[in-house]
Structures are given as C-alpha cells and as structure tokens.
Amino acid sequence: MKNPILHFCVLIPLFFFNVSCIQENGDVDQTEKGPIVVKVAYPNLTFERPVDFQNAGDNSNRTFIVEQRGVISVFPNDPTVTTKQVFLNIESKVKDQGNEEGLLGLAFHPNYETNGFFYVNYTAANPNRTVISRFQVSASNINQANPASELVLMEIAQPFSNHNGGQVAFGPDGFLYIAVGDGGSGGDPQNHGQNPKTLLGTILRIDVDSPSGSLNYSIPLDNPFVINNASGIRAEIYAYGLRNPWRFSFDTQNGRLWVGDVGQNRAEEIDIVTNGGNYGWRTMEGFECYNPANNCNQTGLQMPIVEYGRSNGDVSVTGGFVYRGTTLDELKGLYIYGDFVSGRIWTLNHANINNPINTELMKASFPIASFGVDQQNELYICGFDGKIYKFGYE
C-alpha cells in the first residue's frame, strides 16, 4: 500500500479530536490542548447548499458564502450575527438542475479593495457551458455587487451535467486559476483528461489584468503550452489529466497548489499541482491504471501525494487547506481535507513530501461541501446541512 499511515490518533466520536497522539515509536504526546472540534460558526444563519466560503482580503473582516443556486451572501465575521445581505444574485443566469451544476466558485481580485473586481464560476444553459465572469462591487454600497457589471472572460462547453470543477482563485503570482472537470458522464468517454486541445479536465491559468486581442484576458508567458503551440493545444492550460478537481488552494507560506481530485469508483486523490503537470486521468485513477485497466503507459504522469479508497463509506474528496491560522497549534502546517459523503476529515503531514503521514482527524455528521479560510486564515467548512462550521477547541 502506498503512502501508509505511520501513526494514528485516538478519535472521540463525532466532532472531537483527542490531540494526545500515539506516535510511530509508541510515545505519547503530552501537549494536549484539545479536544479540537468543529462547531457552528454562525448559529443564527442558514444557507441553501453552500459551496464556497471566502473573504475579500480587504481587511473588512466580512464573510462571503456562495450558494449553489446562484446567490452570494455577505455578513460580518461574527458568531453573533443575525442577518445576512445578498451581495449578488444571478439565479436567472445559473443552471443548477444537475447535482454538480450551479454557482460554484468565487474569487476576489488581489486589489479588490481599490478596484472592486471579483470573479465567479457558474454553469449556464442553452448551450450547456461553464462561464467565468468578472463582476464589480457597487460604487455606493460595499455589501452589494452591481449585477449589470458582468464581463464574461471565458465560456467552456459542457457535454454533460456533472464534473464541472468550479473553483476560481488567485495564485501568489497574481494570475487567476480555474478548476475544470473532464466534462462528465462516467469514465471520461471522450478522453478529455488526456487531450490538452480541450479546456476540460484541467487547471487553467490566465492574466485577468491584461486583455489581449479579442480576449478579456491574456495568457501568462510561462504557461506550459505557450511556446511552439501550433497543434491546437490550449495555452490557457496550467496542468491537465484531472477528473473533477473539487476544491484547490494555495499554501500561503510556500505557494504550493493543493488539489482534491474526485475519483471514478476506486480512489480519491490529493495532488500537488505544478506547471505543466499531467495528473493521469483517464489513464490512471490514483496510483492504479484505469484505461487500460492494466499495463498503462505511466511515462510523464504525476502521481498523487496521497489517495484513499472507498471501504469506509468515502465517495468524493473535498480538497482543503494547509492550516496557517494561529488558533490551533496542533494543526499548523498540516493539510486539512475531507470526504463529502462520509464526513471524514484528515490531516496530512507533508514535512517529508516523499513520505507524507495521513491521519484521520474526526468525522463530521454532515456532508462536507467545501473548506474556506477567513481573514485570519482560520479554517471553516461549508456543510450541506445548511450551516457553516469552524474549527476550534471545545
């Protein structure tokens, strides 16, 4: 078995994590401060299928919650808050009939405080497509966007309703990264994952500050397919070979790009994505061959940093964050991620990147739709029970 778990922690049922861990050598860590829990962050607020948690990076200490139906809410990051405001409502534009369709991602421009620009990722109909758009905040109300300000940057045809990816985020380089699934159905029937002539099954990377020709963006010169691209390969691609990248994040300390990629029927995987990397789908699912089932050509393919199977009710990985907050000393520097269906949450110690240590942290009683961080880099979860949860001590 690859990437074995080298130590384990005693679990308290439901949300509790006993931080006295039995290490590989049998010693007990006596620095107990726990238990670590997840608890409702805003008890007075409820949301409909929340899929993204963001802060604007403008020192306003506000929380923005994306609801899959096409609504973004805003409110003070205060556990006693009793009301939320509609920041943007684009329900009339969004197609959300499919379980994986809808308004799926939100990113604020690094200079949002001065330019008021933010970016969304949503699915639309007639024809079925993914839309990447820019909006701008109202000039008279910081808690309301201008719905008439939409500038469409990119549209990507979607052959099926599932596997839309959905994340948008600015990297430390100032470029916008976009997660796009393989186009759906099962088994990637059109082999989009291994076809860089399509934008499907990829992480894209574009420069939103420099329109070029007929495009409302330009392509960074160090994207992998910019040079000598005469064969129709899409230069927007940063990395490819992904099935359904559901949530990615950048480590604020070293810039590493972490991606949770949902598996077909055997393995869920976590990848560290780099410029030009091919992450294997549909040739491989996790560490094993998928198509063909045996003796697949693995030349040039990047392997996951870790995978997990489906023997414990796990079905769909939700990528998370490397914890860089200040509240939870035990989690500092660990990558935190979970499974949407089982509710299991893990920590991944990647101090030795070639021998990571994966440890089950806890099991939530709700579906884990997304992780997010606030202005202080503290960690939250969007629960599909309609609540937002926060990590902390009991």
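A few points on the structure. Since we're looking at a predicted model, the values are computed, not measured. (Residues numbered from 1 in each chain as written. Predicted model: local features only at pLDDT ≥ 70, side-chain atom pairs only at ≥ 80, totals over all residues. Heavy atoms only, no water.)

1. As for the overall build of the chain
Convention followed: What counts as a helix is a DSSP run of H or I of at least four residues, what counts as a strand is a run of E of at least two, and both are numbered from the N terminus. Atoms considered for the radius of gyration are the C-alpha atoms alone. The globule rule reads 2.2 Å times the number of residues to the power 0.38. Note on exposure labels: buried denotes an accessible area under 20% of the residue type's maximum, exposed denotes more than 50%, and partly exposed covers the range between, all computed with a 1.4 Å probe on protein chains only. We call two residues in contact whenever any of their non-hydrogen atoms come within 4.5 Å of each other.
Along the chain, the regular secondary structure elements total 1 helix and 28 strands. Relative to the 2.2 N^0.38 estimate, which gives 21 Å for 394 residues, the radius of gyration of the chain is 20 Å and therefore close to what a compact globule would have. Its C-alpha atoms give the chain principal-axis dimensions of about 65 × 60 × 35 Å. Looking at the 394 residues of the chain, the share that counts as buried comes to 57%. Taking all contacts inside the chain whose residues are at least 6 apart in sequence as the whole, residues at least 24 apart take part in 54%.

2. Regarding the state of the cysteines
We count it as follows: Cysteine sulfur atoms that pair up within 2.5 Å are treated as a disulfide.
With the rule as written, the count across this model stands at 1 disulfide. A sulfur-sulfur separation of 2.0 Å characterises the disulfide bridge that pairs Cys-289 with Cys-296. Looking down the S-S bond of the Cys-289 and Cys-296 bridge, the torsion is -80°, so its handedness is left-handed.

3. Concerning the side chain of Ser-342
Defined as follows: Between N or O atoms, a polar contact is any pair within 3.5 Å; within protein, one atom must be a potential hydrogen donor and the other a potential acceptor, and residues adjacent in sequence are included only when both atoms are from side chains.
Within the element layout of this structure, Ser-342 appears in the loop between β23 (335-339) and β24 (344-349). Among the residues examined, Ser-342 registers a relative accessible area of 8% and is labelled buried. A distance of 2.4 Å separates polar atoms of two side chains, one belonging to Ser-342 and the other to Asp-314. Among the polar contacts made by the side chain of Ser-342, one reaches the main-chain amide nitrogen of Arg-344 at a distance of 3.1 Å. Beyond its immediate chain neighbours, meaning those up to four positions away, Ser-342 contacts Asn-312, Gly-313, Asp-314, Lys-363 and Ala-364.

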